[in-house]
2 protein chains.
Amino acid sequence: MEPHAMNVLLVYAHPEPRSLNGSLKDFSIRRLEAAGNTVQVSDLYAMQWKAALDADDGAARPSAARFDPALDLRRALESGTLRADIAREQDKLRWADAVILQFPLWWFSLPAILKGWVDRVYTDGFGYGVGEHSDRHWGDRYGEGVLAGKRAMLVVTIGGWAPHYGPRGINGPLDDILFPIQHGILFYPGFEVLPAHAIYRTSRIDDAGFAQACAALGERLDALWTTAPIAFRKQNAGDYLIPELTLRPELAPGRAGFAVHVEPEPRGPGHDPAEQDVASLAP
Amino acid sequence: MEPHAMNVLLVYAHPEPRSLNGSLKDFSIRRLEAAGNTVQVSDLYAMQWKAALDADDGAARPSAARFDPALDLRRALESGTLRADIAREQDKLRWADAVILQFPLWWFSLPAILKGWVDRVYTDGFGYGVGEHSDRHWGDRYGEGVLAGKRAMLVVTIGGWAPHYGPRGINGPLDDILFPIQHGILFYPGFEVLPAHAIYRTSRIDDAGFAQACAALGERLDALWTTAPIAFRKQNAGDYLIPELTLRPELAPGRAGFAVHVEPEPRGPGHDPAEQDVASLAP
């Protein structure tokens with residue numbers, strides 16, 4: 001735990017406050033505050049968060065004009081006319097030193113209301129579309145960006161069994177299922193991404209199981225500032241050809257897939273996708 | 001093209017009718033109908049589809065009772081009290097011989113409104129939670145289920161460049177980014193999943209580019225009934241240990257990741273993820 005207070009934004013998406021997710025959210029707030037952190041919570045269901053990005057989110061424009069999700073939200077951002085609900089979430093992200101997304105894994109991805117938080121808050125000029133484009137720098141993304149220097153972590157509850165999400169489990173490895181979120185949504189705008197914390201078989205958790213779940217989650221929250229992030233490769237640090245943005249042939253030669261975008265040196269407490277990649281290449 | 005009419009459900013998610021997506025949707029309807037098919041469209045934005053699954057979607061229950069997304073929607077399904085918007089979509093799915101999901105790839109996944117169509121329409125007892133559980137059969141899923149015998153295909157528009165989504169592209173291979181959708185959302189309830197059709201660099205498409213895009217999409221639509229599906233392994237056909245649901249050790253020995261869940265024999269017109277898997281294992 002840090003001696004000084006850090007700012008933590010907890011973005012939480014479950015429709016039932018008296019659920020396991022609701023209890024874990026309350027536990028996380030208490031644990032983080034007890035460690036001296038300042039916590040803000042975006043309880044998306046309680047906020048009745050608008051999930052669908054649409055023309056109402058854009059800057060004022062002639063009624064005849066087409067709605068362009070990227071352009072119109074960028075105009076709203078630059079003209080200071082973003083909808084208040086979106087502007088508030090962007091302010092929370094600017095304020096935060098660390099962001100935790102807590103959600104139940106629904107259909108191997110984010111619940112719609114949380115996906116809609118990403119779709120609407122990550123506007124052009126904030127979540128993407130920042131930085132210069134040249135032959136050596138393809139925008140500030142994948143390791144650079146508005147959220148660079150902040151940490152992010154997923155806390156995911158899962159109804160299924162852990163082996164179903166293992167290296168050869170039928171659902172696919174959890175690290176791969178989460179790659180579009182951890183790499184594509186968190187690392188993309190600059191976050192340092194900590195290994196995800198997953199809780200399995202949530203329908204079978206009794207009081208003893210809940211105490212265990214809180215103990216395990218508590219350890220992750222206590223280590224929020226010290227856990228080694230996933231070693232995703234930075235886009236503009238020389239590993240990728242520009243503008244193809246393919247990994248240089250001399251790196252992970254002959255290989256492909258998500259795992260090549262993680263530096264091979266194992267980091268972190270056994271959660272590093274690079275380790276799973278090694279498993280996937282074992283003869 | 002089939003001599004007799006087949007039923008096609010087009011689930012479409014874009015907020016601007018005058019967008020590239022809107023034009024491709026209109027083209028698809030005309031092309032499919034010209035080939036003798038009957039088409040229904042779920043235009044989620046035009047329908048003002050409710051994206052967030054919440055307690056309003058459940059069966060009537062004591063106000064003191066907790067909302068359980070799985071249990072309460074199952075009760076509503078079994079008691080015939082599902083919300084009309086959900087019941088209508090389930091009826092369209094039962095009616096359809098093929099389902100096309102057309103959407104812009106937002107943050108490497110479905111737009112929130114389309115994810116919310118999955119979250120709400122795939123109720124316990126319809127999208128999952130069907131079939132017996134035994135030591136040889138772990139429910140009707142991954143190749144079996146309510147939607148077995150139907151075909152499904154993704155039509156995805158992408159702002160980025162194709163090489164960025166290639167085997168070594170920085171975003172990850174498109175087939176892997178789409179695996180949680182094609183395998184986890186489409187194959188899971190029984191669909192035969194055709195290779196996805198992707199259209200890249202959508203912001204740069206002029207009239208000539210649009211004509212090319214329609215020609216390419218038209219070929220895929222004409223081949224909707226003849227294209228070989230992705231050879232995902234069926235859960236209950238003997239390839240997986242039950243209840244671990246891990247791939248039997250003698251199959252794809254020593255390997256891991258999404259690709260092991262596709263049978264190695266190449267099928268389909270060069271879209272088979274198994275081929276990319278071979279690339280990822282080349283020395």
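Only a predicted model underlies this, so the values are computations on that prediction, with no experimental measurement involved. (Residues numbered from 1 in each chain as written. Chains lettered and ligands numbered in written order. Predicted model: local features only at pLDDT ≥ 70, side-chain atom pairs only at ≥ 80, totals over all residues. Heavy atoms only, no water.)

A short note on the relation of the copies chain B and chain A
Each of the two chain copies can be brought onto the other by rotation about an axis and movement along it. You can overlay chain B on chain A at an RMSD of 0.0 Å; the transform is a turn of 180° with a shift of 0.0 Å along its axis. Such values leave the two copies arranged in the relation of a two-fold axis. Proximity to the rotation axis, assessed at the C-alpha, singles out A112(B) in chain B; its C-alpha lies 2.4 Å from the axis. Comparing contact sets, 100% of the residues at the interface of chain B also lie at the interface in chain A, consistent with an isologous, same-surface contact. (Least-squares fit on C-alpha atoms with pLDDT ≥ 70 in both. Contact = heavy atoms within 4.5 Å.)

Some points on the packing of helix α3 (residues 84–95) of chain B against helix α4 (residues 112–121) of chain B
Residues and elements named next belong to chain B. In the contact formed by α3 and α4, the axes pass within 10 Å of each other and the chain directions differ by 90°. Looking at the two axes, α3 sits roughly perpendicular to α4. Judged by residue contacts, D85, I86, E89, Q90 and L93 of α3 engage W117, R120 and V121 from α4. Residues of the contact of α3 with α4, tallied by class, amount to four nonpolar, one polar and three charged. (Axes fitted to C-alpha atoms, helices over the stretch in contact; angles between N-to-C directions. Helix = DSSP H or I, 4+ residues; strand = E, 2+ residues; numbered from the N terminus. Parallel < 35°, antiparallel > 145°, perpendicular 65-115°, else oblique. Nonpolar A, V, L, I, M, F, W, Y, C, P; charged D, E, K, R; others polar.)

A word on the packing of helix α4 (residues 112–121) of chain A against α4(B)
As a packed pair, α4(A) and α4(B) sit with axes 8 Å apart at the nearest point and diverge in direction by 175°. In terms of their interaxial angle, α4(A) and α4(B) are classed as roughly antiparallel. Between α4(A), through A112(A), K115(A), G116(A) and D119(A), and α4(B), the contact on the second element is made entirely by A112(B), K115(B), G116(B) and D119(B). For the contact of α4(A) with α4(B), a count of residues per class yields two nonpolar, two polar and four charged.

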